[in-house]
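# Descriptive analysis of the structure
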Amino acid sequence: LLTLLLWSILSRKPQRAALRASSRELLLSIALDTCTDYTILMEEMALLRFLKQNRGASVYEVMKEFGIKRTAALYHLDELLNKSLIVIYKKGRSNLFLVAETEKVQEYFEKKIAQLQEGFQQLATNREYKVVKARTSGKLTLSFVNYYDLQAEDRGALASYYDIIDYSDTQLYISPEEFIKRAKDADVIVNNYACETTEEIISQLPQTQYMHLSTHMYRYVDVNALRKYRIHLSNISYTYKATAVSEYLLAQTFSLLRNTVEAAEQVRTGVNEFRYFCGEQLRGKKVIIFGTEIGTRDLVELLRGLGVEIGIYCEDPKQDPTVFGISHFATKEEVFETGDIFYFSWTGDEYKALVGKIDRVFLDMIKRPVYFVSVYKHHYIDYQRLRELLYSGMIRGIALDSYPEIQEGQLQDAKRLMYLPNVLITPDIGWYTRDSVKNMNAQTTQRLIAYAEGKTEFLLF
């Protein structure tokens, strides 16, 4: 049985689906698709099968095959590396991930399958053993715990499957106490970045069986705690807002290069003097992009037709510059000596060393006048130093999309900065378009209905 199972895992043709979806049929006769260990095993089987059939794959190829974000692909690959199920092979500038020796893989799965069989036996002989928290009859209760642009058509579709507790018209950020109050009686929760969702919160949700995040990120949720309390998790793909964010970066860029807003304000007051508003053109500039997530490719494609030179800064040795159509990643020297515009976009944890903090160390490396355009939630920004560089002309303009994220102790410094000429600070609206909201609703509704119908294809675990 084990030999047949492993053979079927490593010999099937790959399918473009989520990791856990492509191997769920293996044990369909056992109604334990919500068991955490089972789901993890299925994910590992699917990824190993793909690597085996393709004789290795890069991170980008895993992303493309399973339709997942780069951070998620690295997470799955790192898990297999830590278990010695795969190895890394250096090929040019790229890292290929290969399946390890058959003996290691077989030994691992023999152990895991034995553990699952023990759990299945316990389930069959002990009715008190409960892996699933689902109700036996009636609709599940669904709670939108904080602000969410719930569209009428999606509300109607969900009402056929759920009894809805609706706080979607309230504030976005809520306290942990309010989160618990709104979520404790729900079977399913939609969490739109309401607050840091810690184990302390999760432990007080005895009825909850599934939490859906209406964003592509899940760093603000204690994933291990969700696993511990057997609560499923899903999120939506970055594609719902990728185009909007890329366009927003360009919109902010043009706003800084050509100060049309202030010019229009003067016209309204009766002043009609063009001579005060000499701007710059984007064509011919050197753009430096910090970040190599999926959205970076969208931005690069938009920039290619605008006559700019593109540089990408990357601190991750596993990344391949040819994926973005460039021969090499920009060095730190290139960034600060040749860049005209800095874009801070889809930077993951691996970039914290340089751009997590826009501090004095970072800012003092600038060698020529630059523009800052950012949709990244920086962990710290030295607003005072930014003001000094604006006055000196070393920074020509700043556009930040992070006002809600500004730390309390920095609010005064941020306000002193935002009233200076050519400074734009907006409240996280880079992604916020009608199209993005529609896409967000469509993906969220799709996942919630799938879960209500007993499907697990969109679950992260």
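Residues numbered from 1 in each chain as written. Predicted model: local features only at pLDDT ≥ 70, side-chain atom pairs only at ≥ 80, totals over all residues. Heavy atoms only, no water.

## Side note on the sheet that holds strand S5 (residues 188-191)
Formally: Any two strands are treated as partners once DSSP identifies two or more bridges connecting them. Strands here mean DSSP runs of E at least two residues long; helices mean DSSP runs of H or I at least four residues long; both are numbered from the N terminus. Orientation is described by lines fitted to C-alpha atoms, with helices fitted over the stretch in contact, and by angles between N-to-C directions that extend from 0 to 180 degrees.
Spatial strand order, S4-S3-S5-S6-S7: five strands in an open sheet with parallel pairing. Of all the strands in the sheet, the pair left with one neighbour each is strand S4 (162-166) and strand S7 (232-234). Averaged over neighbouring strand pairs, the angle between their axes works out to 20° when direction is ignored. Of the strand pairs in this sheet, strand S3 (residues 140-144) and S4 are connected by five bridges, and their pairing is parallel. Residue pairing for S4: Thr 141 is matched across the bridge by Asp 163.

## Topic: the environment of Tyr 89
Within the secondary structure, Tyr 89 sits in strand S1 (residues 86-91). Considering only alpha carbons, one finds Tyr 89 and Ala 57, 32 residues apart in sequence, at a separation of 9.7 Å.

## Brief notes about the nonpolar core
We count it as follows: Only buried Ala, Val, Leu, Ile, Met, Phe, Trp, Tyr and Cys residues count toward a nonpolar core, and they belong to the same one when joined by side-chain atoms within 4.5 Å. For the exposure calls, accessible area comes from a 1.4 Å probe over protein chains only, and a residue counts as buried if that area is under 20% of its type's maximum, exposed if over 50%, partly exposed in between. We call two residues in contact when some of their heavy atoms are within 4.5 Å.
Within the largest apolar cluster, 46 residues are counted, with the highest numbers of intra-cluster contacts made by Ile 289, Leu 303 and Tyr 343. Element by element, the count of residues in this core is highest for helix H10 (residues 242-257), at seven residues. With residues up to four places along the chain from it excluded, the contact list for Leu 303 reads Leu 250, Val 287, Ile 289, Val 308, Ile 310 and Tyr 343. Counting 30 residues, the second-largest nonpolar core is a separate cluster that includes Phe 362, Ile 366, Val 423 and Ile 425.

## Thoughts on the sheet that holds strand S9 (residues 309-313)
Read across the open sheet, the six strands follow the order S9-S8-S10-S12-S14-S15; overall the sheet is parallel. Looking at strand neighbours, the two that pair on one side only are S9 and strand S15 (423-425), the edges of this open sheet. Across the sheet, the axes of successive neighbouring strands diverge by a mean angle of 15°, strand direction being ignored. Note: strand S14 (residues 395-400) against S15, three bridges, orientation parallel. When the sheet's bridge partners are listed, Ile 398 is paired in S15 with Val 423.

## With respect to H10
Selection rule: Helix span, as expected, comes to 1.5 Å for every residue beyond the first.
Under the 1.5 Å per step criterion, the end-to-end length of H10 is 23 Å for 16 residues, consistent within 8% with the ideal 22 Å. Residues of H10 that are buried: Ala 242, Ala 244, Val 245, Ser 246, Tyr 248, Leu 249, Leu 250, Gln 252, Thr 253, Leu 256 and Leu 257.

## Remarks on the pairing of strand S10 (residues 341-344)
Residue alternation in S10 divides its side chains into two sets, Ile 341 and Tyr 343 and Phe 342 and Phe 344, and both sets are buried. Pairing between strand S8 (residues 286-290) and S10: four bridges, direction parallel. Pairing of Phe 290 across the sheet is with Phe 344, part of S10.

## Some details on the pattern of salt bridges
Threshold: Salt bridges are defined as contacts in which a side-chain nitrogen from Lys or Arg sits within 4 Å of a carboxyl oxygen from Asp or Glu.
Going through the model one piece at a time under the given rule, you end up with 17 salt bridges. Between Arg 182 and Glu 178 there is a salt bridge, and its shortest N-O distance comes to 2.7 Å. Note that Arg 182 and Glu 178 are positioned in helix H7 (residues 176-183) at a spacing of four residues, about one turn of the helix. When its relative accessible area of 8% is taken as the criterion, Arg 182 is described as buried. One salt bridge connects Arg 368 with Asp 340, and the closest N-O pair in it is separated by 2.6 Å.

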